[in-house]
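# Summary of structural features
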Amino acid sequence: MMRWQRVVLLILLVGLCGLCPHGLQAAQQKGLDIYFIDVEGGAATLIVTPQRESLLVDCGWPGERDPARIAKVAKEVAGLKQIDHLIITHWHTDHAGDVAQLMKVIPVKNFYDRGIPDPLPRDVSRQQIEIYRQATQGKSIPLKPGDEIKLKSGSVPLKLRVLASSGIVLGEPPHAPQTRPCDRGHAAMPEDTSDNARSIAFLLSFGNFDFFDAGDLTWNVEHKLVCPTNLVGTVDVYQVTHHGMDISNNPVLMQALQPRVAIMNNGPRKGGAAKTYARLKSVQGLEDIFQLHRNVQTTEEDNAPPAFVANDEENCQGEFIHLSVDPTGQTYTVAVPSKGTRRSYQTR
Ligand SMILES: [Zn+2]
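Residues numbered from 1 in each chain as written. Predicted model: local features only at pLDDT ≥ 70, side-chain atom pairs only at ≥ 80, totals over all residues. Heavy atoms only, no water.

## Considerations on the coordination of the zinc ion
Summarising the metal site, the zinc ion is bound by the protein donors D94 (OD), H95 (NE2), D216 (OD) and H243 (NE2), whose distances to it range over 2.0 to 2.1 Å. For the zinc ion, the 4 donor atoms in the first shell make angles of 86 to 150° at the metal, a pattern classed as irregular. (Donors = N, O, S within 2.8 Å, 3.2 Å for Na, K, Ca; no water. Tetrahedral: all angles 85-135°; square planar, octahedral: opposite > 155°, others 65-115°.)

If you want it as structure tokens, here you go:
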């Protein structure tokens, strides 16, 4: 390189560096992203914080399909190289998936769950638990109500707090009964002895934005979360519990949470119950319902409008839903990329 060329290059570099702080600032000012990955009636919710820390809540069904779908969204859409934290809300097959297979396609660093029951109940797969034990090398962290997962926070506060786990809600002693004699128009269902009732439920807060995910928590425990005291508060976005089944999504809970947006991780023939859809529509202040799948077994009136549904057909491409919260935590957008849909909302 000639001397004059070097001088020109230096001037150019100095000029460019003048832009560096702005460029860096723009890169640093990221918001919060949540991807609802289609695992066809299972759960896989990927949270990416402004500091680009990643947290996967549940990992779909065993087999290769769901780990591949999770890795695709994580790497190609979210630009991640690894999953920093994996929470398994409860031990059913459609949530605990196959962690060993997942780790073949993307590294996973930290593991959290509701604790491994001993002895194992009949609705928990011994094989799945063994795979999990081996994959995590016994280093998973059991979460109880009140626990927080420490996430790196920027200038806008970010917090993930557990509100229910193993059938116990915040403030209750261990082995508290599943039903609570507290009214608010609630009619208890028969005791749910399945692992669903023991799901982890948590609240993720970023600035003014609040997101509630309760895995497959069922009716009676949902009620304890809001009666006599609302332990959750109001939220912006409600992940429709238990894929939209009607033994979950207690209206007493949903009315107390007052979500503006509901996002349902149903499958074409699982969840998305007509009753749940009707209950959601009657929640005061709820503006939009998004679904990963059209329920092919119910009518058009029992499904969200097509623009709000990521996958129309049973034989689908596994399209996802993307929620993004702006860097200040004041507004958020829900996108259905397969339909070109984008809707923006103010936090409450
Ligand atoms: Zn489930």
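This is not the end of the story, as more comes after the structure.
## Examining the pairing of strand β18 (residues 341-346)
Pairing analysis gives 6 bridges linking strand β17 (residues 331-336) to β18, with the strands arranged antiparallel. Across the sheet, Y332 pairs through a bridge with Y345, a residue of β18. Here β17 hands over to β18 after 4 residues, with G340 in that stretch at a positive phi of 70°. (Pairing = 2+ DSSP bridges. Helix = DSSP H or I, 4+ residues; strand = E, 2+ residues; numbered from the N terminus.)

## Digging into the sheet that holds strand β2 (residues 45-48)
On the basis of which strands lie adjacent, the open sheet formed by 9 strands has the order β6-β5-β4-β3-β2-β1-β16-β17-β18 and mixed pairing. If you trace the sheet from one side to the other, it starts and ends with β6 (141-142) and β18, each paired once. Of the strand pairs in this sheet, strand β5 (residues 108-113) and β6 are connected by 2 bridges, and their pairing is parallel. By the bridge assignment for β6, Y112 is matched with I141.

## Regarding the state of the cysteines
In the structure shown here, the tally under the stated rule is 1 disulfide. At a sulfur-sulfur separation of 1.8 Å, the disulfide partner of C182 is C227. Between C182 and C227, the S-S dihedral sits near -75°, and the bridge is therefore left-handed. Pair noted here: C182 is in the loop between β9 (168-169) and β10 (201-206) and C227 is in the loop between α6 (219-226) and β12 (237-240), with a separation of 45 residues, a long-range link. Of the two residues, C182 and C227, neither departs from the other in class, the shared state being buried. You can see C59 has no disulfide; the closest cysteine sulfur is in C316, sitting 18 Å from it. (Disulfide = S-S within 2.5 Å. Buried < 20%, exposed > 50% of the residue type's maximum accessible area, 1.4 Å probe, protein only.)

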